[in-house]
Amino acid sequence: MGCKMNAAVSFLRRLSLFVLVSSLCSCPCRAEDSAMENIVTEKKAEESHRQDSADLLVFILLLTLTILTIWLFKHRRFRFLHETGLAMIYGLLVGVVLRYAIHVPSDMNNVTLSCNVNASPATLLVNVSGKFYEYTLKGQISANDVDDIQDNEMLRKVTFDPEVFFNILLPPIIFHAGYSLKQRHFFRNLGSILAYAFVGTVVSCFIIGLFMYGCVMLMKQIGHLGGDFFFTDCLFFGAIVSATDPVTVLAIFNELQVDADLYALLFGESVLNDAVAVVLSSSIVAYQPEGDNTHTFEAMAMLKSFGIFLGVFSGSFALGVATGVVTALVTKFTKLRDFPLLETALFFLMSWSTFLLAEACGFTGVVAVLFCGMTQAHYTFNNLSPESQDRTKQLFELLNFLAENFIFSYMGLTLFTFHNHVFNPIFIVGAFLAVFLGRAANIYPLSFLLNLGRRNKISSNFQHMMMFAGLRGAMTFALSIRDTATYARQMMFSTTLLVVFFTVWICGGGTTQMLSCQKIRVGVDTDQETSIGPDGVERRSTKHESAWFFRIWYNFDHNYLKPILTHSGPPLNATLPACCGPLARCLTSPQAYENEEQLKDSDSDLILNDGDITLSYGDVTVSTDAAGAHTSGTPVGGVAVNSDEALDRELAFGDHELVIRGTRLVLPMDDSEPPLPLDSHRHRHKNETMS
């Protein structure tokens, strides 16, 4: 028994010694393997960094080449191709090179394994020799592309996440549209613009959706449909292609100085209908009938989607305006104007955060940032220092230019780098016909109805031009690329690219010829008060052509909101009831009282009082009578100025401002004209008084 125990102890000692020696021998090997893995990982990270830098360099070179070619076109006065169409062509060329001319060698370390699961997991944990590695889902590839995985990886690297477009590229484009909005002709055509943007977009959406549903049924009958395609998908396609973006046409209009009313109608419709199309598409996605079949028509689900449309749009509108109001109050009651860099930075961050805040709250950032831009232009801009005013305008103009050209370059690139294109000839031809019919159903019937109540009719040549100028662009592309997971969405995206290419190249390139064909006058001074009626007779525009709703709004705005949110307007103790005296003194800016005293002491000759020019602190005429008392809305010369005349001058405001003793005097001049000296204004006023 004792011998057995001694033998067992001896065996255990030998075994422990063997394990110890084995572990000591294996430790250097494991450490060496770990070091090699770290070296390989670092090399891969460095290669990936270089590849990402090269991909971004491609887009930078694309934009640089586009800018140089744009300069050449402008220098040669070549108007057949706009900068956006040029960016698309360069993107197409680079896409062809990346797809067919560059081949990446296969990586021998790639391993293909098969396992049966019900759905593709977003994150995959793989156990390799006791070590867990995390892999993320990049997308589906076809069985034919398994051998070309490296080429697919290279093309996938130049394909951006769709959220990049919505969160980074779209906000400056939409904000610039609202921030650069000219009030004068926009508000004179406000009713027509709202009709085209809201009613017209909805009508266009349903016309296109119904027509495309017929095409889908035809494809199903003849066996050309490779997947599910429901009526809600057709309506969604109608919503995204109803978003117009006539950037090419508007650039030519601005260069040729086309009739200001036509420009206002097209620009106003494109600005607002982008917002409507975004909310409309999200409402269609939210359409969920009860029961097993989620694609049948149900009245309650339809009403619920309509309620979502109203709720999202109104909530986004309120959020955008609220952000603009907060920024206006901050810039008014602080000394930020003494530090223009900080002031500009705050303005930029508050404006951009509006988009992200709306998206985070479940609203639509496009609507929020659009109305934030309008609010910032109307209120906050007046509180900024002159340096910040110039900086904010130039900053968002630059961001708008770069973002827009980047998107159009990327459109050309994705035609060859996107892997899941579905091109169906029947669907493509049907889409072009549907877009034409939807645009016609938007413009012509609404124009007929609007002309019944308009004094300044929308002439037939204007209607034809608006029909022709219904280009599709950045918003349509961004909405279509946001979701390409299903067969229907992939077909929509591929068709949308072709629609954008055709409208930008053909319709945009033919703008000058269309203007000549329709005999629409060019070289029009945007400040003049005459227009050509449908009978061809020149007539003078009147202040009564402004939207009646805006006239009511204007009286409330210049009496209460402007004094509260800006340094301009009459002191609140002159407009609020006497019981609100303490509140009025708290909210009224000290500059308002200073402006009032300065205007009282001014010479009676310093009156800028013609049809378009008014002397005001902010936008309200203040004068003194013979006794020295001031009267709001009455010039010193004793000529009565009612609120309608003040509104007419408000609509005539441009971007030029004359600053005298801290008082902003708004002079409505076109951007191309230098400010007139004060003596010339006195001379003009005296001539009008004598006449």
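Okay, so let's go over this structure. Predicted model, so just to flag it, every value in this text is computed and none were measured.

1. Quick notes on the side chain of Thr511
Within the secondary structure, Thr511 is located in helix 18 (residues 511-517). Setting aside its immediate chain neighbours within four residues, Thr511 contacts Val249, Ile252, Phe253, Met465 and Phe468.

2. Brief notes about unusual backbone geometry
Peptide bonds are trans in most cases, and residues, glycine excluded, mostly fall at negative phi. Located in the positive-phi region is Lys519, a residue other than glycine, with phi close to 55°. Within the element layout of this structure, Lys519 appears in the loop between helix 18 and strand 3 (530-532). Given a relative accessible area of 74%, Lys519 falls into the exposed group.

3. Structural notes on the packing of aromatic side chains
Inspection of every chain in the model, using the stated rule, returns 25 aromatic pairs. With a centroid separation of 5.4 Å and 50° between ring planes, the pair formed by Tyr179 and Phe347 is classed as tilted. Separated by 168 residues along the polypeptide, Tyr179 in helix 4 (residues 162-179) and Phe347 in helix 11 (residues 340-360) bring together distant segments of the chain. Phe347 carries the same exposure label as Tyr179, and that label is buried. Here the aromatic rings of Phe501 and Trp505 are separated by 5.2 Å at their centres, their planes lie at 20°, and the arrangement is stacked. Here Trp505 and Phe501 lie together in helix 17 (residues 487-509), a separation of four residues that amounts to about one turn. A residue is classified by how much of its surface remains accessible, and Trp505, at 26% relative accessible area, is partly exposed. Here the guanidinium or amino end of Arg482 rests over the ring plane of Phe166, the centre of that ring lying 3.8 Å away. The aromatic ring of Phe236 is capped on one face by Arg489, whose charged end is 4.0 Å from the ring centroid.

4. Quick notes on helix 17
For helix 17, which comprises 23 residues, the first-to-last C-alpha distance of 33 Å matches the rise-based estimate of 33 Å (1.5 Å per residue) to within 8%. Counting buried positions along helix 17 gives 18 out of 23 residues, so the element sits mostly inside the fold.

5. Describing the environment of Val94
Looking at the element boundaries, Val94 is found in helix 2 (residues 83-101). Sequence separation between Val94 and Ser409 is 315 residues, and the spatial gap between their C-alpha atoms is 9.3 Å. When neighbours within four sequence positions are excluded, Val94 is seen to be in contact with Val58, Leu62 and Leu413.

Here is what the cut-offs are and how they apply
Residues numbered from 1 in each chain as written. Predicted model: local features only at pLDDT ≥ 70, side-chain atom pairs only at ≥ 80, totals over all residues. Heavy atoms only, no water. Helix = DSSP H or I, 4+ residues; strand = E, 2+ residues; numbered from the N terminus. Contact = heavy atoms within 4.5 Å. Buried < 20%, exposed > 50% of the residue type's maximum accessible area, 1.4 Å probe, protein only. Phe/Tyr/Trp six-rings, centres within 6.5 Å; stacked < 30°, edge-to-face > 60°. Lys NZ or Arg CZ within 6 Å of the ring centre and 35° of its normal. Expected span 1.5 Å × (residues − 1).

Take it as geometry only, folks, not as evidence of what the structure does.
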